[in-house]
Amino acid sequence: MSGNKFKRVLLKLSGEALMGEDAYGINRATIIRMTEEIAEVAKLGIELSIVIGGGNIFRGVAPGAQGMDRATADYMGMMATVMNALALQDALKNHGVVARVQSALNIDQVVEPYIRPKALRYLEEKKVVIFAAGTGNPFFTTDTAAALRGAEMGVEIVMKATKVDGIYSADPNKDPTATKYSRISFDEVITRRLEVMDATAFALCRDQKLPIMVFSINKPGALKRAVCGEDEGTLVHV
Ligand code: UDP
């Protein structure tokens, strides 16, 4: 697939991608660096949608949330993703990129609700669409939201930015003999019990034949190379 630029992609960013080396929250330098990379991709004319996590903000409140009812904690987590989405939209604006935030939870005074045809229209207009509040339901993750919105938007690929530069045969931090896959099938991921996304997200991508690219958030230029179809990270294919 070398050299073939994608036309429409969905980027999954975990909240932790925004906090850099900080313990929680949004690190200014980190969000600026990430925004620069996203802006570069948007300016290539690639239709880009983003699902953002909330782990970075939730970490700050996690001690207080201990023992809390799961659904309540999940709603708090979804609200955290809205904060990240607004921060990302603002940072993109400063880089000359028009982005629209759509939320799966209704908070109309802050952001518009998720409306599929409207989101598709924004993509056609080459606006970046940031999907906030995950799926809008507790007991799900933003990985699942990425798979769901990716399928709804008809993207060619879900790009999952992580701290490691792909999928390894074992944890590279614990096992120095671990090797990285450049490509791997959905079936092989299951057989080898490798973790790519949570089971719900993974099953949705597999059922919809939606490839997943796992790449490093910390490697400069990796996002651009990945969306341009160059060898980067690991491709999970049908
Ligand atoms: N969340 C949720 N439903 C969703 C998506 C997310 O309840 O559809 C909650 C999730 O449980 C977590 C928070 O929102 O508490 C942030 O999501 P996630 O942990 O996936 O973010 P990340 O780890 O990628 O930053």
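Residues numbered from 1 in each chain as written. Predicted model: local features only at pLDDT ≥ 70, side-chain atom pairs only at ≥ 80, totals over all residues. Heavy atoms only, no water.

The chain has the name Uridylate kinase in an unreviewed UniProt entry, where Advenella faeciporci is given as its organism. According to the UniProt record, the Sequence similarities (unreviewed entry) comment for the chain reads "Belongs to the UMP kinase family." (UniProt positions renumbered as here; feature names shortened; annotations may be inferred.)

This brings us to the sheet that holds strand β10 (residues 212–216). In spatial order, the strands read β4-β3-β5-β2-β1-β6-β10-β11-β9; together these 9 strands make up an open sheet with mixed pairing. Looking along the sheet, the strands with just one partner apiece sit at the ends: β4 (112–113) and β9 (183–185). The sheet contact formed by strand β6 (residues 157–162) and β10 spans 5 bridges and is parallel. Opposite T162, over in β10, you have S216 as the bridge partner. On top of the sheet, helix α3 (residues 70–94) reaches β1 (8–13), β2 (47–52), β3 (99–103) and β5 (128–132); it is set at about 165° to β5, its chief contact. The strands that helix α5 (residues 142–153) touches are β1, β2, β5 and β6; relative to β1, the one it contacts most, it runs at about 170°. (Pairing = 2+ DSSP bridges. Helix = DSSP H or I, 4+ residues; strand = E, 2+ residues; numbered from the N terminus. Contact = heavy atoms within 4.5 Å. Axes fitted to C-alpha atoms, helices over the stretch in contact; angles between N-to-C directions.)

Within helix α2 (residues 55–65) the residues assigned to the buried category are N56, I57 and A65. In this structure, the buried residues of α2 make contact with α3. (Buried < 20%, exposed > 50% of the residue type's maximum accessible area, 1.4 Å probe, protein only.)

Looking now at the UniProt feature "binding site: ATP" (unreviewed entry) in the chain. UniProt records the feature "binding site: ATP" (unreviewed entry) at K12, L13, S14, G15, G55, R59, T162, Y168 and D171, using the numbering of this structure. Taken together, the annotated residues stretch across 160 residues and extend over separate regions, lying up to 26.8 Å apart by C-alpha. Residue position: G15 is located in the loop between β1 and α1 (28–42). Those residues in contact with G15 that lie beyond four places of it in its chain are G53, G54, G55, N56 and N84.

On to the packing of aromatic side chains. By the definition in use, this model includes 2 aromatic pairs. Centre to centre, the rings of Y114 and F131 are 5.5 Å apart; their planes meet at 80°, and the pair counts as edge-to-face. On the criterion of sequence distance, the pair formed by Y114 in the loop between β4 and α4 (116–124) and F131 in strand β5 is long-range, its members being 17 residues apart. The class of Y114 is buried, set by a relative accessible area of 19%. You can call F131 buried: its relative accessible area is 2%. With a centroid separation of 5.1 Å and 55° between ring planes, the pair formed by F186 and F202 is classed as tilted. Taken as a pair, F186 in helix α6 (residues 186–191) and F202 in helix α7 (residues 199–207) lie far apart in primary sequence, 16 residues in all. A relative accessible area of 2% means that F186 is categorised as buried. (Phe/Tyr/Trp six-rings, centres within 6.5 Å; stacked < 30°, edge-to-face > 60°.)

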